[in-house]
Structure formats: structure tokens, C-alpha cells
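Structure at a glance
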Amino acid sequence: MTDAPDRERFEARDETGTLAGIVTYQLTGTIIAYTHTEVDPAFEGRGVGSTLARAVMDDARVRGHTVVPICPFLGDWLGRHPEYADIVVRSTRKIK
């Protein structure tokens, strides 16, 4: 997995360099919002999405980021991986 900050996304590529999947993000200070996960249809069912999810969460932890999981895939994945709960914003308050 590689961070492509100019495109605001992490990219997963296979051994030939073919793009297998991405996770897009928006970074503001130490807050990173993961907005979308997409896996190329040719790579579906091979664990690319889960590999990306773990990689971006590990990266966020190393960099000291707080994660806002906007992407439904990542939100569901995080529900099965409580080991990341300490860096995830789980709720927000609405301004009235």
C-alpha cells in the first residue's frame, strides 16, 4: 500500500503494479476522514478491501491521527476490529 497524498488516497497494487484498490481520505491536522473504499472488480473476493482497511488504520495509528470512518465499508470493517477503537471517532454531536 502506498499513500498518494496528491490524490488524497492510499493505493494497493499487485506485484505487476496494477491498481487493485484505493481508500480515499481527507486530512485536516491530525484528523483523517476515510471517505471511500473501492476495489477493482478483477480483485474482488481476494481480501484487498480488508488489507487496505488494516493498512490505513495502522498508518493512522503510527502517524497519531484520529479516524473518522465516513466510508460504509470501513465502518463495517471497524465494527469487527475493536483493536482500533482507541483512534476512531464513534459519534458526533449535532449543532442545534
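For the structure given in this document, a descriptive report is provided here. Since this is a predicted model, take the numbers as computed values, not measurements. (Residues numbered from 1 in each chain as written. Predicted model: local features only at pLDDT ≥ 70, side-chain atom pairs only at ≥ 80, totals over all residues. Heavy atoms only, no water.)

1. Describing the sheet that holds strand 1 (residues 2-4)
Strands sit in the order 1-2-3-4-5 across an open sheet of five strands; the sheet is mixed. Each edge of the open sheet carries a strand with a single partner, namely strand 1 and strand 5 (66-69). Adjacent strand axes in the sheet meet at a mean angle of 30°, parallel and antiparallel pairs treated alike. (Pairing = 2+ DSSP bridges. Helix = DSSP H or I, 4+ residues; strand = E, 2+ residues; numbered from the N terminus. Axes fitted to C-alpha atoms, helices over the stretch in contact; angles between N-to-C directions.)

2. A closer look at the nonpolar core
The biggest cluster of nonpolar side chains holds 23 residues, and the ones touching the most others in it are Tyr-34, Met-57, Val-67 and Leu-74. Put simply, the parts of the chain that give this core at least two residues each are strand 2 (9-13), strand 3 (19-28), strand 4 (31-39), helix 1 (48-63) and helix 2 (72-79). A total of six residues in this core trace back to one element, the largest contributor, which is helix 1. Discounting chain neighbours no more than four positions away, the residues touching Leu-74 are Tyr-34, Ala-53, Met-57 and Pro-69. (Core = buried A, V, L, I, M, F, W, Y, C linked by side-chain atoms within 4.5 Å. Buried < 20%, exposed > 50% of the residue type's maximum accessible area, 1.4 Å probe, protein only. Contact = heavy atoms within 4.5 Å.)

3. Brief notes about helix 1
With 16 residues, helix 1 should reach 22 Å at 1.5 Å per residue; the first-to-last C-alpha distance of 22 Å fits that figure. Of all the residues in helix 1, the buried ones are Val-48, Gly-49, Leu-52, Ala-53, Val-56, Met-57, Asp-59 and Ala-60. Seen end-on, helix 1 carries its buried residues on one side only, within an arc spanning 160°. Within helix 1, the exposed residues directed more than 90 degrees away from the buried face are Thr-51 and Val-62. The elements touched by buried residues of helix 1 are strand 2, strand 3, strand 4, strand 5 and helix 2. Just downstream of helix 1 lies Gly-64, where phi reads positive at about 75°. (Expected span 1.5 Å × (residues − 1). Arc of directions from axis to C-beta.)

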